[in-house]
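Structure assessment
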Amino acid sequence: MNQLLIYQSPLALNRGAHRQVRLQPGPLGFAFARELNSVPLTTAEFSAAARDYPIVFAGEGEDVSLPAALLGLAANDNLHVDESGEWLADRYVPAFIRRYPFVSAEVDDAEGFTVCIDQPALTEADDGVRLFDDEGENTPVLNHAIDFLSTYQHNVTQTQAFMKQLRDSGLLEAKTIRVERDG
């Protein structure tokens, strides 16, 4: 499943070049996810997500990758984002969505990934939320994002191992579902 579904133009953060870049002030909302009818899930999310969404394993054979939360019944239709761009109250928000506007990009070094941020979420205005302090060190906001991305990537790795076991054991069986809405 494409990991960049919700990102328009991810930018790899660089503490030297982006020291003055800030996040837009205030909550970003979830309008960016309005057209997603499914998103990847990790096994760590199964119990929370299963209360609100069907969990599907899209694809066949070796093409089945990550499980997904089914958010809508039609293409480009997320039934869990309201007209004002807010996620419906008391519904689980998948980690794939919660990490926005941050995303990781794998690199070949000790850290394992580079932190990227979707450019539409950035500003250079003084009221924005800083990502780096005056010395170029991470702010608590950026450290929180890094911790979240690290945990998310660890959970993705565990889920990939789980999916390999499912495929190897032959437990997944291809089915076609057809849903018709009343009215």
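Reference entry: report on the structure contained in this document.

Turning our eyes to something else, we now look at a nonpolar patch on the surface. Taken together, Leu73, Leu79, Ile177 and Val179 make up a surface patch of nonpolar side chains, about 380 Å² in accessible area. Position of Val179 relative to the elements: it lies in the segment after helix H3 (140-169).

Attention shifts here to the environment of Leu122. Along the chain, Leu122 turns up in strand S8 (residues 122-123). Linking Leu122 and Val21, residues 101 residues apart in sequence, is a C-alpha distance of 6.6 Å. Contact partners of Leu122, with chain neighbours within four places excluded, come to Leu11, Val21, Arg22, Gln24, Ile117 and Leu131.

Moving on to the sheet that holds S8. The 3 strands lie next to each other as S8-S2-S9, forming an open sheet whose pairing is antiparallel. Each edge of the open sheet is held by one strand with a lone partner, namely S8 and strand S9 (129-130). Bridge count for strand S2 (residues 22-23) against S9 is 2 bridges, and the pairing is antiparallel. Within the sheet, the bridge partner assigned to Arg22 lies in S9 and is Arg130.

This part takes up the sheet that holds strand S3 (residues 38-40). Strand order in the open sheet formed by 3 strands is S3-S5-S4, and the pairing between neighbours is antiparallel. Of all strands in the sheet, those bounded by a partner on one side alone are S3 and strand S4 (55-56). Taken together, the 2 bridges between S4 and strand S5 (residues 68-70) define a ladder with antiparallel strand orientation. Across the sheet, Val56 pairs through a bridge with Ala68, a residue of S5.

The terminal C-alpha atoms of H3 lie 43 Å apart, and with 30 residues this matches the ideal 44 Å at 1.5 Å per residue to within 8%. Within H3, the full set of buried residues consists of Leu142, Ala145, Leu149, Tyr152, Asn155, Val156, Thr159, Met163 and Leu166. In this structure, the buried side of H3 is in contact with S3, helix H2 (95-98), strand S6 (102-106) and strand S7 (113-118). At the exit of H3 stands Gly170, carrying a positive phi of roughly 75 degrees.

Counting residues in each nonpolar core, the largest one holds 26 residues, and the members touching the most others are Val39, Tyr53, Trp87 and Ile97. Elements represented by at least two residues in this core include exactly helix H1 (46-50), H2 and H3. Apart from residues no more than four positions distant in its own chain, Tyr53 is found in contact with Ala69, Leu70, Leu71, His80, Trp87, Arg91, Tyr92, Val93 and Pro94. By size, the runner-up hydrophobic cluster in this structure holds 15 residues, among which are Leu13, Val21, Val115 and Ala121.

We now examine the pattern of salt bridges. When the charged atoms of two side chains lie near each other, side chains of opposite charge can form a pair. All told, the structure shown has 3 salt bridges when counted by the stated rule. Across the pair Arg130 and Asp134 runs a salt bridge whose closest N-O atoms are separated by 2.9 Å. Of the residues examined, Arg130 reaches a relative accessible area of 22% and is grouped as partly exposed. Between Lys164 and Asp168 there is a salt bridge, with the nearest N and O atoms lying 2.6 Å from each other. Of the two residues, Lys164 and Asp168 are both situated in helix H3; the distance of 4 residues between them amounts to about one turn of the helix. With a relative accessible area of 45%, Lys164 lands in the partly exposed category. Take Asp168: its relative accessible area is 52%, and that puts it in the exposed class.

The element S7 is largely enclosed, with a buried count of 5 among its 6 residues. Across 3 bridges, the pairing between strand S1 (residues 10-12) and S7 is antiparallel. Paired with Leu11 across the bridge in S7 is Ile117.

Procedures and definitions
Residues numbered from 1 in each chain as written. Predicted model: local features only at pLDDT ≥ 70, side-chain atom pairs only at ≥ 80, totals over all residues. Heavy atoms only, no water. Patch = residues over 30% accessible without salt bridge, like charges linked within 9 Å, V, L, I, M, F, W, Y side chains within 5 Å. Areas by Shrake-Rupley, 256 points an atom, 1.4 Å probe, with all protein chains shown as cover. Salt bridge = Lys/Arg side-chain N within 4 Å of Asp/Glu carboxyl O. Helix = DSSP H or I, 4+ residues; strand = E, 2+ residues; numbered from the N terminus. Contact = heavy atoms within 4.5 Å. Pairing = 2+ DSSP bridges. Expected span 1.5 Å × (residues − 1). Buried < 20%, exposed > 50% of the residue type's maximum accessible area, 1.4 Å probe, protein only. Core = buried A, V, L, I, M, F, W, Y, C linked by side-chain atoms within 4.5 Å.

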